[in-house]
Amino acid sequence: RQLSSQKNNPKWSKLWLFIFPPSKSTKEHSSPLSIPAAVLLWYFLGVCSITTSKILLTDYKENGLTPSVLTIQQFTLGVSFLRLCMVKKWFGGNGIVKWNKVLHSGLKSSGGGFVFNFKNSTSASSSSNTVQLFLTGLFFSLGFWATNYSFQASDASFVETVKAAEPITSASVAVLWKIEVLSWEEAASLGGIVVGVLTSTLANGMMSTKTAEAASAGSLVSSSVGTAIRACAVVMTANLCFSFRGLYQKIFRASPQGNPSVMDDMNLQYRMQQIGILLCLIPVLLFDMPHVIRELWDVSDKARFMLSWVFLRYVSIAVINGFAFTSYNLASTYILTRISVVHHAALNCIRRVFAIIVTSIVFRVPITTLSAFGIAVSVGGFFSFSHFKMKRLRRPRPLSSLLPMSEV
């Protein structure tokens, strides 16, 4: 009731419309208040996932845990959790949607709803949708593999700072593929976000070179320019992967087979993580498992690892990590279904800023004045982006316009 009354209040309505401009997909698939709730879950569960991932990669590196092993572990736990939720229908929905219904069925309108129509589908469209779904899962998987690799190579706050540049890669991809239109004010606002990110990154780099004792305390800090550049390159690769994931998810969602009436967000996330397992399984078995087995064998010679508190602690943290990883990615998928790629990336930037602050506190990485200034500039850039985007959406569009319409 309180949220409903706030929604009807003109001040609160303006605030919600400012941060979350209305869209066609939002009107069709959710109430205006469901997106802010999903964003809050996305933010908090994201921090939990980041923190536990960093703990696992730092504390259990000597036991053979690699970024690839952690990635497939997250996907396996995620698929198990999502399957349980869909079988039990804990959050509603239609249960697990089979592959053949998604990839080989057409849709026809029926009284405002949708029904399956197997005769109207063609092999060409089915093949195209299969490729789009596969590419969505491919870039999703590669993005998180690169993220986990960067978490092991650098401190979490540095990684999250560089990842905050994702709006630029997402905007570039969306504009080049003509699924998004940006005004020069919106582009300038995204540039402000990047300036804030670079400022925070510079502050982190300066701090890292002056605090060598942090590395001995267990916080993996970039100690050289070369290391920082390599870590930044890996993180930017992750940014590009997530940008293409957003692009292909939007393209898949625009197809009849990708319509949320056929494949809801939980099923989509379930299939993306299944694709991730298939992609990671063979490389992990070939390149990582021999190392993992060797390390576990050495540990078992010294102590009963399987019965020790070290193993129990690992299992506990891994389960929490898998739950948080899956839940925050489900929230991300839910939000991306309802808003544009660039707006999703801008919200993700604010999530990064939130994560920078929290991970800096958790891992005792001090936030300098310059870093705080960069964070403030990033947040200001986001609100500027929201303002100009809402202003553009309110501007009347000529009927003869040949430009593709932005969904949000």
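Rules of the game
- Residues numbered from 1 in each chain as written.
- Predicted model: local features only at pLDDT ≥ 70, side-chain atom pairs only at ≥ 80, totals over all residues.
- Heavy atoms only, no water.
- Helix = DSSP H or I, 4+ residues; strand = E, 2+ residues; numbered from the N terminus.
- Buried < 20%, exposed > 50% of the residue type's maximum accessible area, 1.4 Å probe, protein only.
- Areas by Shrake-Rupley, 256 points an atom, 1.4 Å probe, with all protein chains shown as cover.
- pLDDT = per-residue confidence, 0-100.
- Contact = heavy atoms within 4.5 Å.
- Salt bridge = Lys/Arg side-chain N within 4 Å of Asp/Glu carboxyl O.
- Phe/Tyr/Trp six-rings, centres within 6.5 Å; stacked < 30°, edge-to-face > 60°.
- Core = buried A, V, L, I, M, F, W, Y, C linked by side-chain atoms within 4.5 Å.
- Axes fitted to C-alpha atoms, helices over the stretch in contact; angles between N-to-C directions.
- Parallel < 35°, antiparallel > 145°, perpendicular 65-115°, else oblique.
- Left-handed = near helix turned anticlockwise from the far one by under 90°.
- Nonpolar A, V, L, I, M, F, W, Y, C, P; charged D, E, K, R; others polar.
- Patch = residues over 30% accessible without salt bridge, like charges linked within 9 Å, V, L, I, M, F, W, Y side chains within 5 Å.
- Polar contact = N/O pair within 3.5 Å; in protein donor to acceptor, adjacent residues only side chain to side chain.

Within the chain one finds 16 helices and two strands. Here the chain holds 408 residues, and the buried ones make up 51% of them. Carbon and sulfur atoms provide 68% of the accessible area of the chain, an area that totals close to 19600 Å².

Now for the confidence of the model for the chain. Chain-level pLDDT for the chain is 75 on average; 70% of the residues reach the 70-or-more range. Helix H5 (residues 67-88) holds the highest mean pLDDT among the elements of the chain, 93, whereas strand E2 (residues 113-117) holds the lowest, 39. In the predicted structure, residues 1-7 sits below a pLDDT of 50 and forms ten contacts with residues beyond four places in sequence or in another chain. Counted against residues more than four places away or in other chains, residues 23-28, with its pLDDT under 50, gives eleven contacts.

It is worth spelling out the pattern of salt bridges at this point. Any two side chains of opposite charge can pair if their charged atoms end up close together. Summed over the entire model, instances satisfying the criterion amount to five salt bridges. Measuring nitrogen to oxygen at the nearest pair gives 3.0 Å for the salt bridge that ties Lys-389 to Glu-180. Placement of the pair is Lys-389 in helix H16 (residues 369-394) and Glu-180 in the loop between helix H9 (166-176) and helix H10 (184-210), with a sequence separation of 209 residues. Assessed through its relative accessible area of 5%, Glu-180 is described here as buried.

Scanning the entire structure with this criterion turns up 14 aromatic pairs. Centroid distance Phe-75 to Phe-325: 5.9 Å. Interplanar angle 50°. Geometry classified as tilted. Taken together, the residues span a long stretch of sequence, with Phe-75 in helix H5 and Phe-325 in helix H14 (residues 309-338) at a distance of 250 residues. Residue Phe-75 shares its accessibility class with Phe-325, and that shared class is buried.

Attention now moves to the environment of His-344. Take His-344: it is sitting in helix H15 (residues 341-362). Judged by relative accessible area, which is 6%, His-344 ranks as buried. In this structure the C-alpha to C-alpha distance between His-344 and Ser-170, which are 174 residues apart in sequence, comes to 9.0 Å.

So, about H9. Those residues of H9 that fall on the buried side of the exposure criterion are Glu-166, Pro-167, Thr-169, Ser-170, Ala-171, Val-173 and Ala-174. Taken from the residues just after H9, Lys-178 is the one with a positive phi, measuring 60°.

Once that is clear, we can look at the environment of Phe-81. Following the sequence through the fold, Phe-81 ends up in helix H5. Residues Phe-81 and Gly-322 lie 241 residues apart in sequence; the distance between their C-alpha atoms is 8.5 Å. In this structure Phe-81 touches Phe-323, Thr-326 and Ser-327, once residues within four positions along its chain are discounted.

With 64 residues, the main nonpolar core has Trp-42, Leu-56, Leu-65, Ile-335 and Leu-347 as its most contacted residues. Considering every element that reaches this core, the biggest residue donor is helix H4 (residues 34-59), with ten residues. Among residues more than four places away in sequence, those in contact with Ile-335 are Ala-38, Val-39, Trp-42, His-344 and Leu-347. Formed by eight residues, the second largest nonpolar core is a distinct cluster that contains Leu-138, Val-173, Phe-244 and Leu-247.

Moving on to unusual backbone geometry. Notably, Lys-89 is not glycine yet its phi reads approximately 55°, a positive angle. Along the chain, Lys-89 turns up in the loop between H5 and helix H6 (99-103). Its identity is not glycine, yet Lys-178 carries a phi of approximately 60°, on the positive side. Relative to the helices and strands, Lys-178 is located in the loop between H9 and H10. Classification of Lys-178 by relative accessible area gives exposed; the value is 63%.

A word on the packing of H5 against H14. If you want to describe how two helices pack, look at the angle between their axes and the distance between the axes. Orientation of H5 relative to H14, taken along the N-to-C sense of each, is 70°, at an axis distance of 8 Å. It follows from the interaxial angle that H5 and H14 lie roughly perpendicular. Judged by the sense of rotation from one axis to the other, the crossing of H5 with H14 is right-handed. Counted together, Leu-70, Gln-73, Gln-74, Phe-75, Leu-77, Gly-78, Phe-81 and Leu-82 of H5 and Tyr-314, Ala-318, Val-319, Asn-321, Gly-322, Phe-323, Phe-325, Thr-326, Ser-327 and Leu-330 of H14 form the full contact between these two elements. Residues of the contact of H5 with H14, tallied by class, amount to eleven nonpolar, seven polar and no charged.

Within the secondary structure layout, Tyr-328 lies in helix H14. Once the C-alpha coordinates of Tyr-328 and Leu-45 are considered, the two residues, 283 residues apart in sequence, prove to be 5.3 Å apart. Beyond its immediate stretch of four places on either side in the chain, Tyr-328 contacts Trp-42, Leu-45, Gly-46, Ser-49, Phe-144 and Arg-351.

For the rest of this paragraph, the subject is a nonpolar patch on the surface. On the surface, Leu-281, Ile-282, Leu-285, Leu-286 and Phe-287 cluster together into a nonpolar patch covering about 550 Å² of accessible area. Residue position: Leu-286 is located in helix H13 (residues 265-302).

What follows deals with the side chain of Asn-148. Note that Asn-148 resides in helix H7 (residues 123-153). Residue class for Asn-148 comes out buried when judged on its relative accessible area of 2%. Those residues in contact with Asn-148 that lie beyond four places of it in its chain are Ser-53, Leu-57, Pro-67, Leu-70, Thr-71 and Gln-74.

What follows covers the side chain of Thr-71. Mapping Thr-71 onto the fold places it in helix H5. The class of Thr-71 is buried, set by a relative accessible area of 0%. Within polar-contact distance, the side chain of Thr-71 engages the side chain of Asn-148 at 2.9 Å. Beyond its immediate stretch of four places on either side in the chain, Thr-71 contacts Phe-144, Trp-145, Asn-148 and Cys-280.

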